[in-house]
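# A closer look at the structure
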Amino acid sequence: CLAIYLSTRITTPIRDITRSAGKLAEGEYGIVFKGGHYSELNNLADTLTKASIELEKSTMLQKDLIANVSHDLRTPLTMVKSYAEMIRDLSGDNPKKRNAHLQVIIDEADRLNLLVSDMLTLSRMQSGAIVIEKKIFDIKEGIILSFKLLKEKDGYQINLDCPSPVMVEADPERMKQVFSNLINNALKFCGEDKVVNVIIRKKGRHVLCQVQDHGVGIPED
């Protein structure tokens, strides 16, 4: 009887760990492995639980990255298409406007290259090792002004309320991603008046940036 009892105490947690490991191998992450009455089994269970949690985090980060990059890709593609249409329909015979619109297309193409590079550095982003290249720059000149050209298309009005200069220390390309999403979302849902307000204010050592529109807004729930 003692032999059976001891055997059960040892084999039962091993069978439980084996079953849980099988689930993990099938892609069921976030599993908590249960040990037994021996420190070796408990250590093994703890190690496998940590591995399961990290695999779950890695999978979620990969899904989030793909979703975010897919969303970010739409913005520069929309800008390239819009400004190409503006050159065709509005500014083709106006060298100054044409060059300004072509520069936006070039800038957005550069941003597309950056997004593709982000996808190629997935492993660095998952590990939290993505490099943020901070620089000191004028946020008004570096990010906002290119969007004011959109007022020439479809009657949009982008009002920029910003003292000049507003120097910040940040990654210009990452900041442009943020502003691109905010401003383009505002343009998409701005309502019948087609008015978007971009407000930038210094707040001590920080800068407060607001993007406002007069659309239906986000549901409270």
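Before reading on, note that the structure itself is shown above.
A few points on the structure. Just so you know, these numbers come straight off a predicted model, no measurement behind them.

Definitions and cut-offs
- Residues numbered from 1 in each chain as written.
- Predicted model: local features only at pLDDT ≥ 70, side-chain atom pairs only at ≥ 80, totals over all residues.
- Heavy atoms only, no water.
- Helix = DSSP H or I, 4+ residues; strand = E, 2+ residues; numbered from the N terminus.
- Buried < 20%, exposed > 50% of the residue type's maximum accessible area, 1.4 Å probe, protein only.
- Contact = heavy atoms within 4.5 Å.
- Core = buried A, V, L, I, M, F, W, Y, C linked by side-chain atoms within 4.5 Å.
- Expected span 1.5 Å × (residues − 1).
- Polar contact = N/O pair within 3.5 Å; in protein donor to acceptor, adjacent residues only side chain to side chain.

Assignment of secondary structure puts Glu108 in helix 3 (residues 95–120). Its relative accessible area of 1% is what places Glu108 among the buried residues. Apart from the residues within four sequence positions on either side, Glu108 is in contact with Pro76, Met79, Val80 and Lys176.

The subject of this paragraph is the nonpolar core. Counting 15 residues, the largest nonpolar core has Ile139, Val166, Ile183, Val196, Val198 and Ile200 as the members making the most contacts within it. Secondary-structure elements contributing two or more residues to this core are strand 3 (167–170), helix 6 (172–188) and strand 4 (195–203). Listed in part, the 6 residues of the second largest apolar core include Met79, Tyr83, Met86 and Val104.

Helix length check: helix 6 (17 residues) gives 24 Å between terminal C-alpha atoms against 24 Å at 1.5 Å per residue, within 8%. If you check which residues of helix 6 are buried, you get Arg174, Lys176, Gln177, Phe179, Ser180, Asn181, Ile183, Asn184, Ala186 and Leu187. Capping the start of helix 6 is the job of one residue whose side-chain oxygen sits 3.1 Å from the backbone nitrogen of Glu173: Asp171.

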